[in-house]
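# Coordinate analysis (summary)
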Amino acid sequence: MYVLRDIPIDPSKTGGPRHTFETIGKVNYSECDIVRVETLYKDEKGESRVLGHHYLRSNEVYHEPSRKFYTNELMRTSIFESIPIDLVIDTCWVLDPNTYFKARPINSIE
């Protein structure tokens, strides 16, 4: 899933309200985090949350300068985090290279 990063509505106020999928408007997917959803649950307060692993893009990872990546290559991290469900923006398809070159899911958008 594409997950919205923690962005304040008013950058001048610290600790103020944050954007959600309802308030953000037009989303640039290249600036969203990508999370593989493991579990959906409700916490003690009754808020819906997503539990899952983060994926990082090649420009977000330290690597050798000579290393080459596919255009949309992602790396799975060991970061396992609980995220409020109102920060989830859209679906994202993460495929292994063999599946990616054979075919893509029917309803996926490049």
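These lines cover the structure that appears in this document, whether it is placed above or below.

On to the sheet that holds strand 2 (residues 33-42), then. The strands making up a sheet associate through backbone hydrogen bonding, with each pair oriented either parallel or antiparallel. If you trace the five strands from one edge of the open sheet to the other, you get 4-3-2-1-5, paired in antiparallel fashion. The open sheet terminates on both sides in strands that have one partner only, identified here as strand 4 (74-84) and strand 5 (88-90). Bridging between strand 1 (residues 2-3) and strand 2 involves two bridges; their strand directions are antiparallel. Of the residues in strand 2, the one forming a bridge with Val3 is Asp33.

So, about the environment of Arg57. For Arg57, the position within the fold is in strand 3 (residues 48-57). When its relative accessible area of 16% is taken as the criterion, Arg57 is described as buried. Linking Arg57 and Met75, residues 18 residues apart in sequence, is a C-alpha distance of 6.5 Å. Apart from residues no more than four positions distant in its own chain, Arg57 is found in contact with Tyr2, Arg5, Tyr29, Ser30, Cys32, Ile34, Glu73, Leu74 and Met75. In terms of polar contacts, Arg57 uses its side chain to reach the backbone carbonyl oxygen of Cys32, at 2.9 Å.

Our focus in this paragraph is the pattern of salt bridges. Where charged atoms of side chains with opposite charge meet at close range, the side chains can pair. Per the counting criterion, the structure on display carries two salt bridges. The partner of Arg36 in a salt bridge is Glu38, with the nearest N and O atoms 2.9 Å apart. In this structure Glu38 comes out as partly exposed when scored by relative accessible area, which is 37%. Here Glu60 makes a salt bridge to Arg57, at a shortest N to O gap of 3.9 Å.

Time to look at the pairing of strand 2. Residues in a regular strand point their side chains to alternate faces of the sheet. Taken together, the eight bridges between strand 2 and strand 3 define a ladder with antiparallel strand orientation. Its bridge partner being in strand 3, Thr39 is matched across the sheet by Leu51. In textbook terms, the turn of a hairpin is the stretch between consecutive antiparallel strands, and for strand 2 and strand 3 this stretch comprises five residues, one of which, Gly46, has a positive phi near 90°.

Nonpolar side chains tend toward joint burial in soluble globular proteins. In terms of nonpolar packing, the biggest core is built from six residues, these being Tyr2, Val27, Cys32, Ile34, Tyr55 and Cys92. Apart from the residues lying within four places of it in its own chain, the contact partners of Cys92 are Met1, Tyr2 and Ile34. In terms of nonpolar packing, the next biggest core, distinct from the first, is built from five residues, Val3, Val35, Ile83 and Leu87 among them.

Mapping Thr77 onto the fold places it in strand 4. A distance of 3.3 Å separates a polar side-chain atom of Thr77 from the backbone nitrogen of Ile79. Apart from the residues within four sequence positions on either side, Thr77 is in contact with His53, His54 and Leu56.

Before going further, it helps to spend a moment on the state of the cysteines. Tallied over the entire structure, the rule returns zero disulfides. Cysteine Cys92 shares no disulfide, and the gap to the nearest cysteine sulfur, in Cys32, comes to 9.6 Å.

Quick look at the environment of Leu95 now. Looking at where Leu95 falls in the secondary structure, it is placed in the loop between strand 5 and helix 1 (97-102). Of the residues examined, Leu95 reaches a relative accessible area of 30% and is grouped as partly exposed. A C-alpha to C-alpha distance of 9.4 Å links Leu95 and Glu73, two positions 22 residues apart in sequence.

Parameters at a glance
- Along every chain, residues carry numbers that run from 1 in the direction the sequence is written.
- This being a predicted model, a pLDDT of at least 70 is required before a residue's local features are given, and a value of 80 or more before pairs of side-chain atoms are given or counted; all residues contribute to the totals for chains, interfaces and linings.
- By convention in this description, side-chain values take in all heavy atoms of the structure and omit both hydrogens and water.
- Two strands make a pair as long as DSSP finds a minimum of two bridges between them.
- Helix numbering and strand numbering both begin at the N terminus, where a helix is a DSSP run of H or I of at least 4 residues and a strand a DSSP run of E of at least 2.
- Residue burial is assigned from relative accessible area. The probe radius is 1.4 Å, only protein chains are included, and a residue is buried under 20% of its type maximum, exposed over 50%, and partly exposed in between.
- For this analysis, residues touch if any pair of their heavy atoms sits within 4.5 Å.
- Pairs of N or O atoms are called polar contacts if they sit within 3.5 Å, as long as, within protein, a hydrogen donor faces a hydrogen acceptor (for residues adjacent in sequence, only side-chain-to-side-chain pairs).
- In what follows, salt bridge is the name for a side-chain nitrogen of Lys or Arg lying within 4 Å of a carboxyl oxygen of Asp or Glu.
- To qualify as a nonpolar core, a set must consist of buried Ala, Val, Leu, Ile, Met, Phe, Trp, Tyr and Cys residues joined through side-chain atoms within 4.5 Å.
- Disulfides are defined as pairs of cysteine sulfur atoms found within 2.5 Å of each other.

Fair warning: the whole summary comes from geometry, so function is off the table for now.
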